[in-house]
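Residues per chain are reported as follows:
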Amino acid sequence: MNQTNNLILLLTAALILAGCQTTSESTTPEAPTDPTTLFLVRHAEKASDGTTDPPLTEEGHARARALRDMLY
């Protein structure tokens, strides 16, 4: 993964986390909000077809389905 991709990933995670912040105006002691859990995962097993955005292999699709099933 090159530095540009790392920076994009870092900025995306920061924006997601910034959107999860709450202020005292949005919550009251009588009605606390439930905590939100955020899972950031990256799949593997991509095909090597020489492009910058290769599709997943069948193993990659299987891993993605397993992650989905485990997290839901």
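This write-up is about the structure you can find in this document.

1. A word on the environment of Phe-39
Turning to step 1, where the next piece is worked out: With respect to the helices and strands, the residue Phe-39 is situated in the loop between α1 (3–19) and α2 (58–71).
Turning to step 2, where the next piece is worked out: For Phe-39, a relative accessible area of 51% translates into the label exposed.
Turning to step 3, where the next piece is worked out: As a C-alpha pair, Phe-39 and Leu-71 span 32 residues in sequence and 8.2 Å in three-dimensional space.

2. Looking at the environment of Val-41
Turning to step 1, where the next piece is worked out: Locating Val-41 in the fold gives a position in the loop between α1 and α2.
Turning to step 2, where the next piece is worked out: With a relative accessible area of 48%, Val-41 lands in the partly exposed category.
Turning to step 3, where the next piece is worked out: It is 8.4 Å that separates the C-alpha atoms of Val-41 and Leu-67, two residues lying 26 residues apart in sequence.
Turning to step 4, where the next piece is worked out: Excluding residues that lie within four positions of it along the chain, Val-41 makes contacts with Leu-67 and Leu-71.

Reading the values: rules and limits
Residues numbered from 1 in each chain as written. Predicted model: local features only at pLDDT ≥ 70, side-chain atom pairs only at ≥ 80, totals over all residues. Heavy atoms only, no water. Helix = DSSP H or I, 4+ residues; strand = E, 2+ residues; numbered from the N terminus. Buried < 20%, exposed > 50% of the residue type's maximum accessible area, 1.4 Å probe, protein only. Contact = heavy atoms within 4.5 Å.

On their own, these measurements won't tell you what the molecule is for.
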